[in-house]
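Structural overview for review
Here is how the chains run, residue by residue.
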Amino acid sequence: MGETVSARFGERVRSALTEYGPLCVGIDPHQSLLQSWALEDSAAGVREFGLRTVDAAAGRVGIIKPQVSFFERFGAAGFAALEDVFRAAKDAGLIVIADAKRGDIGTTMDAYAAAWLTPGAPLEADALTVNPFLGVGTLRSTFDRAEAHGKGIFVLAATSNPEARTIQRAQTDANEAVSAAIMADVSAYNAERSPDGEWGSIGFVIGATVDWAEAGIAPFTPHAPILGPGFGTQGASPADLRARFGAHASMVIAAESRSILSSGPDKLIPTITARVAEYQESLNV
């Protein structure tokens, strides 16, 4: 995955969504899923799980999202397995979002960014999820690195887990929700860097089950990709896409993992194909 990509990440996502639709296949090799796929609960098992999922996703969706933790639990061998999955996905023409949710300050965050966003790095991905709750400003150099290399970032903004409400919906000194303040800061960065009409490359994580008004967030500009977890097992369906995201529905990367992966390796391709059709129908309504 070492070549320099000329197109900005936001525009690459825009093209992928236009060509393939919103579905993003998550690669989450839970222990129970490995067992149901008749694979070992080991680095070799998660590698095989990931490679089979990439094969099924290739040419049917534009984006995959490996959850790093399920590989990380096997240490160095797990990271080596993840590298193989990333490489196979790149070779298949898929956009890879590393769901690692990194967040720190200063040189520590710079090192995380170097690990995941530098062309030619062993763990190079196309985009990385990050945690902004130490302050969006701590991520500025990460945003800059992403822009310099045609990479993307997805900033946690409004997640659907109930534990997040206390922090994300707290009010700032300016009497806006913390989630809204994060989105405003990121949108200001995108406005600085995005040519007129292009999507920003610094996107947001907004849960598919989040009520925007209740969460204190509102439509934003310029346009930027939205990573929308919460579809499938967590409760949202393709039919909810427009209802939840409104005018931003065309920007949503609808991430599903267990709802697809639980179909098993033999039914993975028809399950993905059917789900792609469901999302397309929901957007055409």
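See the structure printed just above.
How each quantity is defined
Residues numbered from 1 in each chain as written. Predicted model: local features only at pLDDT ≥ 70, side-chain atom pairs only at ≥ 80, totals over all residues. Heavy atoms only, no water. Helix = DSSP H or I, 4+ residues; strand = E, 2+ residues; numbered from the N terminus. Rg over C-alpha atoms; globule rule 2.2 N^0.38 Å. Buried < 20%, exposed > 50% of the residue type's maximum accessible area, 1.4 Å probe, protein only. Contact = heavy atoms within 4.5 Å. Areas by Shrake-Rupley, 256 points an atom, 1.4 Å probe, with all protein chains shown as cover. Expected span 1.5 Å × (residues − 1). Arc of directions from axis to C-beta. 1 Å grid on protein atoms, 1.4 Å probe; cavity = no way out; pocket = protein on both sides within 12 Å on 5 of 7 lines; lining within 4 Å. Points joined across faces, edges and corners; volume = space filled by probe spheres on them. Nonpolar A, V, L, I, M, F, W, Y, C, P; charged D, E, K, R; others polar. Core = buried A, V, L, I, M, F, W, Y, C linked by side-chain atoms within 4.5 Å. Axes fitted to C-alpha atoms, helices over the stretch in contact; angles between N-to-C directions. Parallel < 35°, antiparallel > 145°, perpendicular 65-115°, else oblique. Left-handed = near helix turned anticlockwise from the far one by under 90°. Salt bridge = Lys/Arg side-chain N within 4 Å of Asp/Glu carboxyl O.

On to the overall build of the protein chain, then. A tally of regular secondary structure across the protein chain gives 13 helices and eight strands. The C-alpha radius of gyration of the protein chain comes to 18 Å, within 12% of the 19 Å expected for a compact globule of 285 residues. Counting only C-alpha atoms and orienting by the principal axes, one finds that the protein chain spans roughly 55 × 45 × 35 Å. Sorting the 285 residues of the protein chain into buried and exposed places 52% on the buried side. Counting only contacts in the protein chain whose residues sit at least 6 apart along the sequence, the fraction spanning at least 24 positions is 74%. Summed over all atoms, the accessible surface of the protein chain reaches about 11,700 Å², with 50% contributed by carbon and sulfur.

So, on to helix α5 (residues 75-91). Across its 17 residues, α5 extends 25 Å between first and last C-alpha, which sits within 8% of the 24 Å expected from 1.5 Å per residue. Within the sequence span of α5, burial applies to Gly78, Ala81, Leu82, Val85, Phe86 and Ala89. Across the axial projection of α5, the buried residues extend over an arc of 140 degrees, all falling on one side. For α5, the exposed residues lying more than 90 degrees away from the buried face are Ala76 and Asp91. One or two positions beyond α5, positive phi appears at Gly93, with a value near 80 degrees.

With that settled, the discussion passes to the layout of surface pockets. By volume, the largest pocket amounts to about 480 Å³. Together, 26 residues line the largest pocket, and Lys65, Asp99, Lys101, Pro229 and Gln234 are the ones closest to its centre. Those elements that place two or more of their residues in the lining of the largest pocket are β3 (95-102), β8 (252-256) and α12 (258-261). Its residues assigned to classes, the lining of the largest pocket shows seven nonpolar, 13 polar and six charged.

To continue, consider the nonpolar core. Note on soluble globular proteins: their nonpolar side chains tend to be buried together. If you look at the biggest cluster of nonpolar residues, it comprises 91 residues, and the most contacted ones within it are Trp116, Ile206 and Phe245. The residues contacting Ile206, other than those within four sequence positions of it, are Ala157, Ala158, Met183, Trp212, Ile217, Ile226, Leu227, Gly228, Pro229 and Phe245.

When two helices pack together, their arrangement is given by the angle between their axes and by how far apart the axes lie. Orientation of helix α3 (residues 43-57) relative to α5, taken along the N-to-C sense of each, is 15 degrees, at an axis distance of 9 Å. Relative to α5, the element α3 is oriented roughly parallel. Here α3 runs over α5; the crossing is right-handed. Contacts from Ala43, Val46, Arg47, Gly50, Leu51 and Val54 in α3 reach Ala77, Gly78, Ala81, Asp84, Val85, Ala88 and Ala89 in α5. When its residues are assigned to classes, the contact of α3 with α5 shows nine nonpolar, two polar and two charged.

Time to look at the pattern of salt bridges. Inspection of every chain in the model, using the stated rule, returns 18 salt bridges. The partner of Asp84 in a salt bridge is Arg87, with the nearest N and O atoms 2.9 Å apart. Here Asp84 and its partner Arg87 are both found in helix α5, three residues apart, which amounts to about one turn of the helix. The exposure class of Asp84 is partly exposed, given its relative accessible area of 23%. For Arg87, a relative accessible area of 41% gives the class partly exposed. Close ionic contact of Glu214 with Arg169 constitutes a salt bridge, the shortest N to O distance being 3.0 Å.

Below, the discussion takes up the environment of Thr142. Tracing the backbone through its elements, the reader meets Thr142 in helix α7 (residues 140-148). Here Thr142 falls in the buried class, since its relative accessible area comes to 1%. Each residue touching Thr142, except ones within four places of it in the same chain, is listed here: Met109, Ala113, Leu117 and Ile153.

Time to look at α7. Along α7, the positions that sit buried rather than exposed are Thr142, Phe143, Ala146 and Glu147. Seen along its axis, α7 keeps its buried residues to an arc of 135 degrees; they face one direction. For α7, the elements touching its buried residues are α6 (106-117), β5 (152-158), α9 (178-193) and β6 (202-206). Two residues or fewer after α7 comes Gly150, characterised by a positive phi angle close to 70 degrees.

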